[in-house]
Amino acid sequence: MRIRNRAVIRKITRRNLRGNSARNFFLFAAIMLTTFMIASVLSVYMSFNGTMERDAVRRAGTRAHLFVHGVTPPTAEYMKKLTYVEDVGVASIAAAVNIDDTQYHLGYCDDAMWERLMTPAYSNVTGAYPVGEFDIMLPLGVLKGLGITDPAPGMPVMLEGMSFTLSGFYTDYQGTWMDYRILPVSKTFADSAGGGAECIAGIAFRDKRDIYDGWGRLNSDLRQYTGETFYMSVYGVSSVSNPFGTAAVYGVIIAFLMFTGFLLIYNVMTISVSNDVRFYGLLKTIGATARQLRSIVVGQALWLCAAAIPVGAGLAAALSLAVVPYILKSYTVDSVTSFSPYIYLGAALFALITALLGAALPAWKTSRTSPVEATKYTGETLRYTKKASPCRREADKRTRVLFPGRANPYRMALRNLFRNRRRTTVVFLSLFLGLTMFLTVATVSGSLDADKYASEMENDDFHLRYQPRNGAMFPGESGLAPVPQKFDEAYLQRLRDLPGFISMWTVTEAKGLMTYTDAFEKHLDGYVEYILGMGGASGFDPERLRESLKMSFQANIYAIDKGDIEELNKRLAAPLDAEAFERGEFVLIATDTPEIYADVGEVEVAFDGGSFKLPVMGFAPERFKGFLAGNVAPCVFTSKALLERFAEPAVYSIGIKVRTQSQREAYGILSEMTAGDGDVYMTSRVEAYDEVRGAQALFWVVGGSISGILGLIGVLNFVNVLTVGILSRRRELATLEACGMSKGQTRRMVLAEGIGYAAIALLSAATLGNAVAFGAYSLLKGTQGADDLFTFAYPVIPVAVVAAAILLICIATPGLAYRSTRRATLSERLRAAE
Amino acid sequence: MSVLKTSKLKKYYGANAEVKAVDGIDLRVEAGEFVSVVGTSGSGKSTLLHLLGGLDRPTEGTVEIGGKQIFSMKDEELTIFRRRNVGFVFQSYNLVPILSVYENIVLPIELDGNRVDKAFVNGLIRMLGVEDKRDAMPNQLSGGQQQRVAIARALASKPAIVLADEPTGNLDSKNGMDVMGLLKVGGEKYGQTIVLITHNPEIAQMADRTIRIEDGRIKGEAGRK
Ligand SMILES: Nc1ncnc2c1ncn2[C@@H]1O[C@H](COP(=O)(O)OP(=O)(O)O)[C@@H](O)[C@H]1O
Ligand SMILES: [Mg+2]
């Protein structure tokens, strides 16, 4: 039978809620902070991924992962039905035009192609897709090339003698390497170009993590379906994976936040419920069922959720406007701040779960208290009988020695500390988590050493490298064509003219064909594995691949100076003969794993202008002269004179040293020189330094705010326990005073309790917490490539400040709480509780 | 000689003194006397008792204990004075839950930093019949046992005056009479002065003198003398 008692339960719930304003404050704060932090974390996650994805799409020039060339409508339809394909868009290419030495293609894009695959890569899309036969849409860059800086839809434009009407324009970001840069025209225009139109299908795969896999599957499916092989060009990149993008990291952070939130909610609820135990016992005596009691407790948590979650979510939304762009600043200028409803729904859900979990246990316990027990309740007692634990007896004895023969405040404080072990544990845990997180963040970020990183990463102040973007990805595509001379004498002269220029070195490069011998077997194993690992090559037969690689065992040969050998000799146990190297009597293999070349006694390399066969006299670290691009065969160092005898080497990389005070200025000039040149890759100490500094700031902001909130929750928990502990002991304290305990003694007792809590929390943080922080630091330092980033530095000042703050809170809280009870006279306090 | 003396003792509550809880009481209690106070609920008995023991300060008037004006003392001084001279027994036993029975009893002595007179305390404990509960915690005791412990605590420091506010109010009549008997015997044995509030006429009669209070004033006295 259902009794209509909802209303009365709701009334009791609300009354009880109203009568507990201090407790409500703590619960509100806990729920609000939990919601706020989870929403913020989710917001950073979503915004980061959104920004990364958008930027990847912009760089690729399309949201399509690859373009299939020469498709027919039935093939396009077939591809649409493939389960692993998300989107198929078709463009019919009508004509090619040249603007400013760059080739573009006029093409009609169907809806899917334009709306879903192209426009996501653009911004500022203005106007409408071309409809009229001579309508066209153009990117702002092209319009600028045509001399139009202030475009407006409806404007006439001329392209290779044809006149068009501008129906719209947009900003594009694509690099120079797309085979097809499509300029959108109307369907009528494309149709009138007749059968000459080539159809290109843009494909977006469902699984964005490994598009090479999709590529492989599509390749074989199409071959099966049509019997022919299509030319495909891959533009998209697999989704970025990095520490800020992995869901797992965010999951751990959220779980951590939920756990601390839970600790506070659970603790506050338990305390309030046990203080109200007489009240609940009474309700039970009167006839409230266990279930009703539970719903009274949980109902209070729900009411508070209803108030706190929107506030927390609102704060997070407001803050994300300011913080997200800051956090993503080091990645992009215009970040996408995500306001996806999922962020706030998710945060609300997580916070609700946290609050319900926190309330459920106390509710259950309340519903199980026997009414008799409840009315007899005399406050929490120590289960302290004759069989007191040896440890406590020991502690008692010790304090008795310290303050012999007295019912002294300190001994009582010690007892009070152990009065409710679970509560004490929860408070310590909560405070400890916050402190440990803080220690970890402070240690790690304090140990990030920008100077060390900058000097370890870069031997030189600036480093330029010629690395054509459309360089060969697979063997056989580019052959052994001579490397173009990007860094010609004029370019080098400009570098020598840099402010504060000290010195410069160059490494030259030529491509050759090495003769394969079995000594290279291990090297080839690694290379084949690398190729197959790319996924797109899943159709390859490893054996056939091996054979073909042996046939075209292409090598990048790098030439260095005599001085470089002398520099290398400083690191070698057995110095090399620099003179002999300079004369071209031997070569070195550039590798960090010399073991696998143990059997290589000599190498034979053929160039267009002849070949050499020379002994390998040693090995040089791969990054000895900066990054080296690898090839099928291992990279080889020769002298410049030797390489020039056989090929026309081009400058591959340049290292520049500049006086310290001119670093920034030189950096500005070099950035300008290399900006917009997709083929020159620059690294610099300045950038490396800024990068670490940026990471450090980011780490402080993100880690600092998380540990700050965790700490705040811990402190709230602590303050709540201490305050409630004193307020609920009003009568007990009054009794002690009636028995003759002086104000000073009582105050000393409650202060000692506070200091006791603080001491245990700080001690455990100082030992275990520091160990965790150091462990995290070592773990991070131990990750690959991170060693150069760190020099251990203990965050003395932040730790001292926090420790002092904790101590202050621990001393101030009991003092204040006790003072507030003293506002009533002793007589009133003795009465109040009756 | 009067060990306890009040003069024009008044305690008013409220912004305009609308509640006259104690309204001009002049009372003298002789050393070793056992006085019971009766009156309807809300007549001001507890307020009077709190004033007598220095738990509260009066609006007007004085309380003298052993010739000393207690309200001319500072808080700290008064506390120390109280723990040496006055023992309290409350209706709800008000034992300190973190202390064992023994520790509760010797609390006032230890708070004063004095050596516990073990023989005396053990005698008290035996007299009150809680020997086997010496090391128990208060929540392991029945109401009657708790009240006995509270009485032992009030007597332990050998105070000159014991003030008891309905000590039997929460006990059944058998237990109530037992506890009363103990209080009286203890008082006689150690020569203590007892002021006791009660609702129970039977218990009131056990006193040397009964004072009746109404609306904060003494409305009558009956003595056995
Ligand atoms: N702190 C207080 N504020 C206002 N009124 C009070 C306070 N304490 C007691 N009273 C009032 O003083 C009167 C006497 O109370 P009390 O001494 O407790 O009576 P009794 O013990 O005889 O039942 C009552 O009317 C009570 O409501
Ligand atoms: Mg009373």
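Sequence positions are assigned chain by chain, starting from 1 and proceeding in written order. All chains are assigned letters beginning with A, and all ligands numbers beginning with 1, in the order in which they are written. For a predicted model such as this one, the threshold for reporting local features is a pLDDT of at least 70, and the threshold for listing and counting side-chain atom pairs is 80 or more; totals across whole chains, interfaces and linings nevertheless cover every residue. Working from all heavy atoms in the structure, the side-chain values ignore hydrogens and water.

## Re the overall build of chain B
In terms of regular secondary structure, chain B is built from seven helices and ten strands. Any residue under 20% of the maximum accessible area for its type is buried, any over 50% is exposed, and the rest in between are partly exposed; the area is computed with a 1.4 Å probe on protein chains only. Burial status across chain B gives 58% buried among its 225 residues. Residues are treated as being in contact if the distance between any of their heavy atoms lies within 4.5 Å. Considering only residue pairs separated by 6 or more positions, chain B has 68% of its internal contacts joining residues 24 or more positions apart. Note on areas: these come from Shrake-Rupley sampling with a 1.4 Å probe, and a residue is covered only by the protein chains present in the view. Of the roughly 9,100 Å² that chain B leaves accessible, carbon and sulfur atoms contribute 47%. For the purposes of this entry, the term helix denotes a DSSP run of H or I that reaches at least four residues, the term strand denotes a run of E that reaches at least two, and both are numbered from the N terminus.

## Things to note about the sheet that holds strand β3 (residues 102–109) of chain A
Residues and elements named next belong to chain A. Pairs of strands are assigned from DSSP output, requiring at least two bridges between the strands. Ordered in space as β8-β3-β2-β9-β1-β10, the six strands form an open sheet in which the pairing is mixed. Only two strands of the sheet have a single neighbouring strand rather than two, namely β8 (182–184) and β10 (232–234). On average, each strand axis in the sheet is tilted by 35° relative to the strand beside it, whichever way the strands run. In terms of strand pairing, strand β2 (residues 85–99) meets β3 through eight bridges, oriented antiparallel. Bridge assignment links A96 to a residue of β3, and that residue is H105. In this analysis an axis means a line fitted to C-alpha atoms, helices contributing only their contacting stretch, and an angle means the value between N-to-C directions, from 0 to 180 degrees. In the packing of helix α3 (residues 73–80) onto the sheet, the strands contacted are β1 (66–69), β2 and β9 (198–205), and the crossing angle to β2 comes to about 145°. Along the sheet, helix α4 (residues 111–118) makes contact with β1, β2, β3, β8 and β9, crossing β2 at roughly 100°.

## Here we look at the packing of aromatic side chains
Here is the rule: rings of Phe, Tyr and Trp (six-membered ring for Trp) pair when centre to centre is within 6.5 Å. Planes less than 30 degrees apart are stacked, more than 60 are edge-to-face, and the remainder are tilted. A complete count under the given rule lists 30 aromatic pairs over all chains for this structure. Taking 4.8 Å as the distance between ring centres and 75° as the angle between the ring planes, the aromatic pair formed by F120(B) and Y190(B) counts as edge-to-face. Remark: Y190(B) occurs in helix α6 (residues 173–190) and F120(B) occurs in helix α4 (residues 118–128); sequence separation between them is 70 residues. What makes Y190(B) partly exposed here is its relative accessible area of 26%. The rings of Y108(A), W114(A), Y122(A), Y129(A) and Y170(A) are connected pair by pair, giving a single aromatic cluster. Charge-over-ring contacts are defined here by two conditions on Lys NZ or Arg CZ: a distance within 6 Å of the ring centre and an angle within 35 degrees of the ring normal. Geometry around Y491(A) places R494(A) over its ring, the cationic atom sitting 6.0 Å from the centre. The ring of F120(B) carries the charged tip of K158(B) above its face, separated from the ring centre by 4.8 Å.

## Focus: a nonpolar patch on the surface
Residue and element names in this part refer to chain A. Patch definition: residues above 30% relative accessible area lacking any salt bridge, with like charges linked at up to 9 Å and the nonpolar side chains Val, Leu, Ile, Met, Phe, Trp and Tyr linked at up to 5 Å. Salt-bridge detection follows one rule: a side-chain nitrogen of Lys or Arg within 4 Å of a carboxyl oxygen of Asp or Glu. On the surface, F774, F792, Y794, V796, I797 and V801 cluster together into a nonpolar patch covering about 600 Å² of accessible area. Ranked by the residues each element gives to the nonpolar patch, the list is headed by helix α27 (residues 796–821), at three residues. With respect to the helices, strands and loops of the structure, V796 is situated in helix α27.

## A few points about helix α25 (residues 730–738) of chain A
All names here are of chain A. Counting buried positions along α25 yields eight of nine residues, so the element is predominantly enclosed. Listed in full, the buried residues belonging to α25 are R731, E732, L733, A734, T735, L736, E737 and A738. Phi for G740, located one or two positions after α25, is positive at around 110°.

## Topic: the interface of chain A and chain B
If you look at the interface, chain A gives 36 residues, while chain B gives 30 residues. Note on definitions: buried area is the accessible-area loss of two parts on being combined, 1.4 Å probe, summed for both. Of the roughly 3,100 Å² buried at the junction of chain A and chain B (both faces included), carbon and sulfur atoms supply 55%. There are zero salt bridges connecting chain A and chain B. Side-chain atoms alone can form a polar contact between residues adjacent in sequence; in general such a contact is a pair of N or O atoms within 3.5 Å, and within protein one must be able to donate a hydrogen while the other accepts it. The interface formed by chain A and chain B includes two residue pairs in polar contact (both at pLDDT 80 or more). Secondary structure elements with two or more residues in the side of chain A that touches chain B: α14 (409–417), α25, α26 (743–782) and α28 (826–832) of chain A. Of the residues contributing to the side of chain A that touches chain B, the split by class is ten nonpolar, twelve polar and 14 charged. Throughout this entry, Asp, Glu, Lys and Arg are counted as charged residues, while Ala, Val, Leu, Ile, Met, Phe, Trp, Tyr, Cys and Pro are counted as nonpolar. The remaining residues, Gly among them, count as polar.

## Comments concerning the nonpolar core
Most often, soluble globular proteins keep nonpolar side chains buried together rather than apart. All names here are of chain A. Side-chain atoms within 4.5 Å are what join buried Ala, Val, Leu, Ile, Met, Phe, Trp, Tyr and Cys residues into a set we call a nonpolar core. Judged by nonpolar contacts, the single largest core of 75 residues is most densely connected at I31 and Y757. Segment limits for the domains were obtained from an automatic or database-derived domain assignment. The residue makeup of this core includes at least three contributed by each of domain 1 (1–61 + 241–377) and domain 3 (389–453 + 686–834). Leave out the neighbours within four places in its chain, and I31 touches I265, A301, L304, C305, A308, I309, A351 and A355. Counting 39 residues, the second-largest nonpolar core is a separate cluster that includes I93, W114, L138 and L183.

## What about the environment of T40(B)?
Residue and element names in this part refer to chain B. Locating T40 in the fold gives a position in the loop between β3 (34–39) and α1 (45–52). Each C-alpha atom, one on T40 and one on H199, is 7.9 Å from the other, the two residues being 159 residues apart in sequence. When near neighbours in sequence (up to four residues on either side) are disregarded, T40 contacts K45 and I213.

## Some details on the sheet that holds strand β7 (residues 161–165) of chain B
Residue and element names in this part refer to chain B. Taken in spatial order, the six strands of this open sheet run β6-β7-β8-β3-β9-β10, and their pairing is mixed. Pairing within the sheet leaves two strands with one partner each, and these edge strands are β6 (86–89) and β10 (217–223). Taken over all neighbouring pairs, the strand axes of this sheet differ in orientation by 20° on average, direction set aside. Here six bridges tie strand β9 (residues 209–214) to β10, and the two strands are oriented antiparallel to one another. Looking at β10, one finds that I211 is bridged to E221.

## Re empty space enclosed by the protein
Points on a 1 Å grid over protein atoms alone make up a cavity when a 1.4 Å probe fits among them but cannot get out, and a pocket when they form an open set with protein on both sides within 12 Å along at least five of seven lines; lining residues each have an atom within 4 Å of a point. Grid points are joined across faces, edges and corners, and a volume is the space filled by probe spheres set on the points. Taken as a whole and assessed by the stated rule, the structure comprises three cavities of 30 Å³ or more. Estimates place the volume of the largest cavity at around 90 Å³. What lines the largest cavity is A738(A), C739(A), R83(B), V86(B), G87(B), F88(B), F90(B), P108(B), R153(B), A154(B) and S157(B). Sorting the residues of the lining of the largest cavity by element identifies β6 and α5 (143–156) of chain B as the ones contributing at least two each. For the lining of the largest cavity, the element with the most residues is β6(B), which contributes three residues. Of the residues belonging to the lining of the largest cavity, the class tally is seven nonpolar, two polar and two charged.

## Regarding the side chain of R465(A)
All names here are of chain A. Along the chain, the position of R465 falls in strand β11 (residues 462–466). Its relative accessible area of 9% is what places R465 among the buried residues. Every residue in contact with R465, bar those within four places of it in the chain, is listed here: F487, F627, Y652, S653, D679, V680 and Y681.

## Description of the packing of helix α8 (residues 247–275) of chain A against helix α24 (residues 685–727) of chain A
Residues and elements named next belong to chain A. Taken N-terminus to C-terminus, the directions of α8 and α24 make an angle of 10°; their axes are 10 Å apart at the nearest point. Here α8 lies roughly parallel to α24, going by the angle between them. Across the interface between the two elements, I253, F256, L257, T260, G261, L263, L264, N267, V268, I271 and N275 from α8 touch I706, L710, I713, L716, N717, N720, V721 and V724 from α24. Partitioned by chemical class, the residues of the contact of α8 with α24 number 13 nonpolar, six polar and no charged. Geometric relationships in this document are graded by angle, where less than 35 degrees denotes roughly parallel, more than 145 denotes roughly antiparallel, 65 to 115 denotes roughly perpendicular, and other angles denote oblique.

## Remarks on the confidence of the model for chain B
pLDDT: the predictor's confidence for each residue, scored from 0 to 100. In this model, chain B carries a mean pLDDT of 86, and residues with pLDDT of at least 70 account for 99%. Across the interface, the model reports ipTM at 0.71; the global pTM reads 0.63.

## Some thoughts on a positive patch on the surface
Neither His nor the chain termini are counted; the positive set is Lys and Arg, and the negative set is Asp and Glu. Just so you know, the charge point we use is NZ for Lys, CZ for Arg, CG for Asp and CD for Glu. The grouping of R10(A), K11(A), R14(A), R15(A) and R18(A) at the surface amounts to a positive patch. Summarising the element assignment, R10(A) is placed in helix α1 (residues 6–18).

## Considering the confidence of the model for chain A
Residues and elements named next belong to chain A. Summarising the model, chain A shows a mean pLDDT of 80, and 85% of its residues fall at 70 or more. Across chain A, the element-wise mean pLDDT spans from 49 in helix α13 (residues 390–402) up to 92 in strand β17 (residues 636–639). Predicted confidence is poor over residues 381–388, with pLDDT under 50, and the contacts of this stretch with residues over four places away or in other chains come to 22 contacts. Of the regions scoring below 50 in pLDDT, residues 398–405 engages in nine contacts with residues more than four places distant in sequence or in other chains.

## Focus on the packing of helix α3 (residues 101–111) of chain B against α4(B)
Think of two packed helices as two axes; the pair is described by the angle between the axes and how far apart they sit. Residues and elements named next belong to chain B. Close contact between α3 and α4 brings their axes to 11 Å; oriented N to C, the two are set at 135°. Taken together, α3 and α4 sit at an angle that is classed as oblique. Judged by the twist between their axes, the crossing of α3 over α4 is right-handed. The segment α3 lies against α4, with Y102, I105, V106 and I109 engaging K118, V121 and I125. Its residues placed into classes, the contact of α3 with α4 shows six nonpolar, no polar and one charged. In this scheme the crossing of two helices becomes right-handed for a clockwise turn of the near helix relative to the far one and left-handed for an anticlockwise turn of less than a right angle.

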